[in-house]
Amino acid sequence: MVGLISAAGSSIPPIYIFPRKKTSDVYMDGSPEGSIGIFNGSGYQDKDSFLETLKHLKKYALSSKESPILLLLDNHASHCHVQCIDYCRENGIIMLSFPPHTSHKTQPLDISVFGPFKRRCAKLFQAWMRENREKAGRITIHNIVKISAEALEGSFSKHNVQAGFLKAGIFPFNKERLINQAKEVESISTNLQINPEPSEANAETVETIRPLPRPLQIKNENKRTVTSMVLTNSPERDKRNLIEIKKEPKECCKCKTELEKRRGRKRKSTDPEDVDNNENKQKRKKIQKKVIYKKTQDQK
């Protein structure tokens, strides 16, 4: 948005610059009376949009070579284009730019107008989002002009505009105030010491100037380390079984039998009585098989 004010306390209807290439009246819905919209694709002011701004200014200020006006502005690149300068000369607009890096002290819009305007817009945007939470939920480019138009009435008031020119020392003209403000800006720039390139030994890094916060290392004592199981017969499974056997602590015979039972294995006992019993069982099974085989042959 481009704001235009005068030392008398009046203001010209604003100009809205949209980041769109195609013009549409939908974007200007609810705009103040007399305001215009410029569509340049980027949303920033360029030479063409500034030329349209000068034409808009001439329409309301009625400037001419016989009754010229003084236009105070900053040193933006779009203000220094040849077409814009020629238009100002032909229509009685005298452009005077502020010294570099002093607009926060010398530009009336920055001093007393844009600050209240931004604060009012923030409140209106929050109120609109609360009311339209169910419908839209967020502000789009179609709503900005309509909502911000309410903030223009209070921020671009006669009192705020005249206070900006008074504090800057432009109108009524105050030479001492302008000189003091220029000295303040100059003192700030001279106090900035430019250090030479540091050597490798004394080179400052980001961590030495402001140490970066390191993440806290939280130790989880209850955390268990679980390895995945290999169900198929593979060399990897044999390796893991060997590792588990090596890691197992030395325990008594009862503990080993319990572990082997859990794994589905049977431990062979070394006692002579158990060995004899096992042999007898195997012999009985063989005899039973022979008997069953003979019976089947006799039946045939």
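How each quantity is defined
- Residues numbered from 1 in each chain as written.
- Predicted model: local features only at pLDDT ≥ 70, side-chain atom pairs only at ≥ 80, totals over all residues.
- Heavy atoms only, no water.
- 1 Å grid on protein atoms, 1.4 Å probe; cavity = no way out; pocket = protein on both sides within 12 Å on 5 of 7 lines; lining within 4 Å.
- Points joined across faces, edges and corners; volume = space filled by probe spheres on them.
- Nonpolar A, V, L, I, M, F, W, Y, C, P; charged D, E, K, R; others polar.
- Buried < 20%, exposed > 50% of the residue type's maximum accessible area, 1.4 Å probe, protein only.
- Helix = DSSP H or I, 4+ residues; strand = E, 2+ residues; numbered from the N terminus.
- Arc of directions from axis to C-beta.
- Disulfide = S-S within 2.5 Å.
- Patch = residues over 30% accessible without salt bridge, like charges linked within 9 Å, V, L, I, M, F, W, Y side chains within 5 Å.
- Areas by Shrake-Rupley, 256 points an atom, 1.4 Å probe, with all protein chains shown as cover.
- Salt bridge = Lys/Arg side-chain N within 4 Å of Asp/Glu carboxyl O.
- Lys, Arg positive; Asp, Glu negative; His and termini not counted.
- Charge placed at Lys NZ, Arg CZ, Asp CG, Glu CD.
- Contact = heavy atoms within 4.5 Å.
- Polar contact = N/O pair within 3.5 Å; in protein donor to acceptor, adjacent residues only side chain to side chain.
- Axes fitted to C-alpha atoms, helices over the stretch in contact; angles between N-to-C directions.
- Left-handed = near helix turned anticlockwise from the far one by under 90°.
- Pairing = 2+ DSSP bridges.

Draft legend 1. Layout of the layout of surface pockets. Estimated volume of the largest pocket: approximately 1,200 Å³. Forming the walls of the largest pocket are 44 residues, and the residues nearest its centre are Val 2, Gly 3, Leu 4, Gln 107 and Leu 109. Residues of the lining of the largest pocket, tallied by class, amount to 31 nonpolar, 11 polar and 2 charged.

Draft legend 2. Spatial organisation of helix α6 (residues 158-168). By the burial criterion, the buried members of α6 are Asn 160, Val 161, Gly 164, Phe 165 and Ala 168. Taken around the axis of α6, the buried residues stretch over an arc of 130 degrees, which confines them to a single face. Seen from the open side of α6, the exposed residues pointing more than 90 degrees away from its buried face are Lys 158, His 159 and Lys 167.

Draft legend 3. Structural detail: the state of the cysteines. As enumerated under the stated definition, the model contains 0 disulfides in all. Free of any disulfide, Cys 80 has its nearest neighbouring cysteine sulfur in Cys 84, separated by 9.2 Å. Its relative accessible area of 51% is what places Cys 80 among the exposed residues. Cysteine Cys 84 is unpaired, with the sulfur of Cys 88 as its nearest cysteine sulfur at 7.0 Å.

Draft legend 4. Quick look at a positive patch on the surface. Judged by side-chain charge, Lys 281, Lys 283, Arg 284, Lys 285, Lys 286 and Lys 289 come together as a positively charged surface patch. Mapped onto the fold, Arg 284 is located in helix α11 (residues 272-299).

Draft legend 5. Here's a closer look at unusual backbone geometry. Put simply, Phe 171 and Pro 172 share a cis peptide bond, and its omega is -10 degrees. Along the polypeptide, Pro 172 turns up in the loop between α6 and α7 (175-191). Despite not being glycine, His 101 shows a phi value in the positive range, around 65 degrees. Residue position: His 101 is located in the loop between β5 (93-97) and α3 (103-106).

Draft legend 6. Just the environment of Ser 97, in detail. The topology assignment puts Ser 97 in strand β5. C-alpha of Ser 97 to C-alpha of Leu 71: the two residues are 26 residues apart in sequence and 8.3 Å apart in space. Setting aside its immediate chain neighbours within four residues, Ser 97 contacts Leu 73, Asp 74 and Asn 75. Reaching out from Ser 97, the side chain makes a polar contact with the side chain of Asn 75 at a distance of 2.9 Å.

Draft legend 7. Seen up close, the packing of helix α4 (residues 108-131) against helix α5 (residues 144-155). Orientation of α4 relative to α5, taken along the N-to-C sense of each, is 140 degrees, at an axis distance of 8 Å. The two elements α4 and α5 cross, and the hand of that crossing is right-handed. For the pair formed by α4 and α5, the contact residues are Val 113, Pro 116, Phe 117, Arg 120, Cys 121, Leu 124, Phe 125 and Trp 128 on the first element and Ile 147, Ser 148, Glu 150, Ala 151, Leu 152, Gly 154 and Ser 155 on the second. For the contact of α4 with α5, the per-class residue count stands at 10 nonpolar, 3 polar and 2 charged.

Draft legend 8. Structural context of the sheet that holds strand β2 (residues 11-18). A sheet is described by the order of its strands in space; here 3 strands give the open sequence β1-β2-β3, paired in mixed fashion. The two strands at the open ends of the sheet, each matched to only one other strand, are β1 (2-5) and β3 (36-39). Each adjacent strand pair in this sheet contributes to an overall mean axis angle of 20 degrees, direction not counted. Bridge count for β1 against β2 is 3 bridges, and the pairing is antiparallel.

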